[in-house]
Amino acid sequence: MSTLPDLVGRTSRAGEALSLIRSGSATTIAELSAAMGLARSTVSERVDLLVGRGLVSAELAPAQGRGRPASVFRFDPTARVALVAQVGMSGMRVGVTDLSGTILHTVTADVAVGQGPRALVEEVQTAFEQCLAATGRTHDDVAGVGVGLPGRIELDTAPGGTAPPAAWSPYGVRAILAEAWDVPIGVDRAVSLLASAEQRSFHPGATVLLGLKVGTVVECGVVVDGRSVGGGSGIAGEIGHTAVAGAEAPCVCGNVGCLNAVASGGALARDLAAAGHPVASAREVAALAAGGDVDATHAVREAGRRIGGVLAGAVNLLNPDVVVVWGYLADGGDHLVAGLREGLYRAAVPAASRHVRLEAARYGDDAALKGAATAVIELALDPAHVDTLLPREA
Ligand SMILES: [Zn+2]
């Protein structure tokens, strides 16, 4: 004799009810019953479980005609939180969001990814704790954890790197996080998360969107038909390692003349420092350019031209509707985008370059955090997962 079927049966499809309530497509017991093809009593029982977990709240709607007032159910995004992080090659931004993806608190910190995934995750965890403390939430409130990382080539060749390359697999980082969190965990490239967030929120009609990050390194996220494209081995969009004609600077990947070696924020910091400017990072290059320094603005504009030239290949290949631009160098005034436009128009098929819109990422600094939140909230509120969260006993 087993009671398991009954226990499973009792919570099954509660997640489906939550999904319908959350989307607004069915918000009363009658509507849920019709949409799910279940008896009203069964639906009521499932909804009670959701109310018990705080995921759904009820309010009484005014009676229609002579009918009795019906309870209208609403998803409560404040019931739980998601912890999210966007990690770059020199800095990270960590935040806590509610279940609608609204950012409640953020922490920024410098980070050295060369120390390897375990040390990085420790720093991220410290920032997570700060975010929870600042918002008065606890570990029990956490419904999911999402982290955006630099691309694999960057991680494997990070300055001062001591970790074996395989340690940086997204699964490696996920496994380390899973030691601390028994909730859904999403790990992806930050630039892919950024591209997905911008596409979903601001360019839902875009068939192809590229999210170009110009920070310490140059990277690109690719979204086609609403789906992030990772490629055969997860390095789709690594345009920073495309060689630039005539360039001979050595790159960390072992080739010479890569875009990253001549036009990234890291390369500009190196070149401007060699010319006597007091800069050591992409962020400082951006600040110098924003302040109107002639050498810095010229360097950023020329970097934009070179990146635009490489981007032209992607534009010809994928015919994007939109390229959103993000990262420290995009913060240094209009010079980067002006250069990108010049490089792109010179090198891309006119029909493709005329079509594409080039604009700043509208989520700004938080773009990849928003993407990480969206991705992990989808995992946390997946109907099958929600069913497993609910109490199995009456
Ligand atoms: Zn390279």
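Residues numbered from 1 in each chain as written. Predicted model: local features only at pLDDT ≥ 70, side-chain atom pairs only at ≥ 80, totals over all residues. Heavy atoms only, no water.

1. Quick notes on the overall build of the protein chain
Inclusion rule: Each helix is a run of H or I in the DSSP string that is no shorter than four residues. Each strand is a run of E no shorter than two, and both are numbered from the N terminus. The buried label applies to any residue whose accessible area, calculated with a 1.4 Å probe on protein chains only, is under 20% of its type's maximum; exposed applies above 50%, and partly exposed to all values in between. Here, two residues are considered to be in contact whenever any of their heavy atoms come within 4.5 Å of each other. Counting rule for charge: Lys and Arg are taken as positive, Asp and Glu as negative, and neither His nor the chain ends is counted. Each charge is placed at NZ for Lys, CZ for Arg, CG for Asp and CD for Glu.
Within the protein chain one finds 16 helices and 12 strands. Here the C-alpha coordinates of the protein chain stretch approximately 75 × 45 × 40 Å along the principal axes. Evaluated residue by residue, the protein chain yields a buried proportion of 48% over its 394 residues. Long-range pairs, those at least 24 residues apart, make up 64% of the contacts in the protein chain between residues at least 6 apart in sequence. Taking the 31 positively charged and 40 negatively charged side chains of the protein chain as two groups, their mean positions are separated by 7 Å.

2. Structural notes on the pattern of salt bridges
Where we set the bar: The salt bridge criterion pairs a side-chain nitrogen of Lys or Arg with a carboxyl oxygen of Asp or Glu, the two atoms within 4 Å.
Scanning the model with the defined rule gives 15 salt bridges in all. With its nearest N and O atoms 2.7 Å apart, the salt bridge here joins Arg 13 to Glu 16. Judged by its relative accessible area of 29%, Arg 13 falls in the partly exposed class. As a salt-bridge pair, Glu 302 and Arg 305 come within 2.8 Å of each other at their nearest N and O atoms. With Glu 302 and Arg 305 both in helix H12 (residues 294-318), this residue pair falls 3 residues apart, about one helical turn.

3. Considerations on the domain arrangement of the protein chain
Inclusion rule: Segment limits for the domains were obtained from an automatic or database-derived domain assignment.
Here the protein chain is partitioned into domain 1 (4-76), domain 2 (81-192 + 369-380) and domain 3 (201-364). Between the C-alpha centres of domain 1 and domain 3 the distance comes to 48 Å.

4. A look at the environment of Ala 375
Structurally, Ala 375 can be placed in helix H15 (residues 367-380). As for Ala 375 and Ala 195, which are separated by 180 residues in sequence, their C-alpha atoms are 12 Å apart.

5. Let's talk about the coordination of the zinc ion
The condition is simple: Sites may look incomplete because water is not among the atoms; the donors themselves are N, O and S atoms within 2.8 Å of the metal, or within 3.2 Å for Na, K and Ca.
Note on the zinc ion: its protein donors are His 241 (ND1), Cys 251 (SG), Cys 253 (SG) and Cys 258 (SG). The metal-donor distances range over 2.1 to 2.3 Å. The sequence motif formed by the donor residues of the zinc ion is H-x9-C-x1-C-x4-C. Assessed through its relative accessible area of 31%, Cys 253 is described here as partly exposed. When its relative accessible area of 1% is taken as the criterion, Cys 258 is described as buried.

6. Some points on the packing of helix H8 (residues 190-202) against H15
Definition in use: Note on definitions: angles span 0 to 180 degrees between N-to-C directions of axes, and those axes are lines fitted to C-alpha atoms, for helices only across the stretch in contact. Oblique is the label for any angle not under 35 degrees, not over 145, and not in the 65 to 115 range, which are roughly parallel, roughly antiparallel and roughly perpendicular in turn. Each residue receives one of three labels: charged for Asp, Glu, Lys and Arg, nonpolar for Ala, Val, Leu, Ile, Met, Phe, Trp, Tyr, Cys and Pro, and polar for the others, Gly being one of them.
Close contact between H8 and H15 brings their axes to 7 Å; oriented N to C, the two are set at 85 degrees. Relative to H15, the element H8 is oriented roughly perpendicular. Taken together, the residues of H15 that come into contact with H8 (itself represented by Ala 190, Leu 193, Leu 194, Ala 197, Glu 198 and Arg 200) are Ala 367, Ala 368, Lys 370, Gly 371, Ala 372, Thr 374, Ala 375 and Glu 378. Taken together, the residues of the contact of H8 with H15 sort by class into 8 nonpolar, 2 polar and 4 charged.

7. Some words on the packing of aromatic side chains
Convention followed: In summary, the pairing rule links any two rings of Phe, Tyr or Trp, Trp by its six-membered ring, whose centres are within 6.5 Å, and it sorts them by plane angle into stacked for under 30 degrees, edge-to-face for over 60 and tilted for everything else. By definition here, charges over rings are those cases where NZ of Lys or CZ of Arg is within 6 Å of the ring centre and within 35 degrees of the ring normal.
Taken as a whole, this structure holds 1 aromatic pair when the rule is applied. Taking NZ or CZ as reference, Arg 22 lies 5.7 Å from the ring centre of Phe 75, over its face.

8. With respect to H15
Inclusion rule: For a helix, the expected span equals 1.5 Å multiplied by the residue count minus one.
Given a rise of 1.5 Å per residue, 14 residues ought to cover 20 Å, and the 20 Å separating the end C-alpha atoms of H15 matches this to within 8%. Those residues of H15 that fall on the buried side of the exposure criterion are Ala 367, Ala 368, Leu 369, Lys 370, Gly 371, Ala 372, Ala 373, Val 376, Ile 377 and Ala 380.

9. Section: helix H11 (residues 282-290)
Quick reminder: α-helices carry 3.6 residues per turn. Residues three or four places apart thus point the same way. The condition is simple: It is the directions from the helix axis to the C-beta atoms whose arc is reported.
Residues of H11 that are buried: Ala 282, Val 285, Ala 286 and Ala 289. Across the axial projection of H11, the buried residues extend over an arc of 100 degrees, all falling on one side. The first or second residue beyond H11 is Gly 292, which carries a positive phi of 95 degrees.

10. Overview of the nonpolar core
Nonpolar side chains tend toward joint burial in soluble globular proteins. Selection criterion: Each nonpolar core is a collection of buried residues, namely Ala, Val, Leu, Ile, Met, Phe, Trp, Tyr and Cys, held together in the definition by side-chain atoms within 4.5 Å.
By size, the foremost hydrophobic cluster in this structure holds 38 residues, and its most contacted members are Leu 212, Val 285, Ile 307, Leu 311, Val 323, Leu 336 and Leu 344. Excluding residues within four positions of it along the chain, Leu 311 makes contact with Leu 210, Leu 212, Ile 239, Val 323, Leu 344 and Leu 358. Among the nonpolar cores identified, the runner-up in size contains 33 residues, and Ala 85, Val 94, Val 113 and Val 147 belong to it.

11. A few points about the sheet that holds strand S11 (residues 322-326)
Heads up, the condition is: Here, any two strands with at least 2 DSSP bridges between them count as paired.
Taken in spatial order, the 5 strands line up as S10-S9-S8-S11-S12 in an open sheet, and their pairing is mixed. Each having just a single partner strand, strand S10 (227-228) and strand S12 (357-360) make up the two edges of the open sheet. As paired elements, strand S8 (residues 208-214) and S11 share 5 bridges and run parallel to each other. Bridge pairing in S11 places Leu 210 opposite Val 323. Sitting on the sheet, helix H13 (residues 335-347) is in contact with S8, S11 and S12, with an inclination near 165 degrees to S12.

12. Brief notes about the layout of surface pockets
Here is the rule: Grid spacing is 1 Å over the protein atoms alone, the probe is 1.4 Å, and a cavity is where that probe fits but cannot get out, while a pocket is an open set with protein on both sides within 12 Å along at least five of seven lines and lining residues have an atom within 4 Å of a point. Grid points are joined across faces, edges and corners, and a volume is the space filled by probe spheres set on the points.
As a volume, the largest pocket reaches approximately 520 Å³. Residue assignment for the lining of the largest pocket shows that the elements contributing at least two residues are strand S3 (81-87), strand S4 (91-98), strand S5 (103-110) and S11. Its residues assigned to classes, the lining of the largest pocket comprises 12 nonpolar, 9 polar and 6 charged. Taken domain by domain, the makeup of the lining of the largest pocket includes at least three residues from each of domain 2 (81-192 + 369-380) and domain 3 (201-364).

13. Focus on the pairing of strand S9 (residues 218-224)
Counting buried residues in S9 gives 6 out of 7 residues, a clear majority hidden from the surface. Here S8 runs beside S9; their pairing, made up of 7 bridges, is antiparallel. Along S9, the bridge assignment pairs Leu 212 with Cys 220. In this antiparallel pair of consecutive strands, S8 and S9, the connection spans 3 residues.

14. A word on empty space enclosed by the protein
Taken as a whole and assessed by the stated rule, the structure comprises 1 cavity of 30 Å³ or more. Volume-wise, the largest cavity comes out at about 30 Å³. Along the walls of the largest cavity sit Leu 55, Arg 80, Leu 99, Ala 143, Ala 380, Leu 381 and Leu 389, which together make up its complete lining. Partitioning the lining of the largest cavity into residue classes produces 6 nonpolar, no polar and 1 charged.

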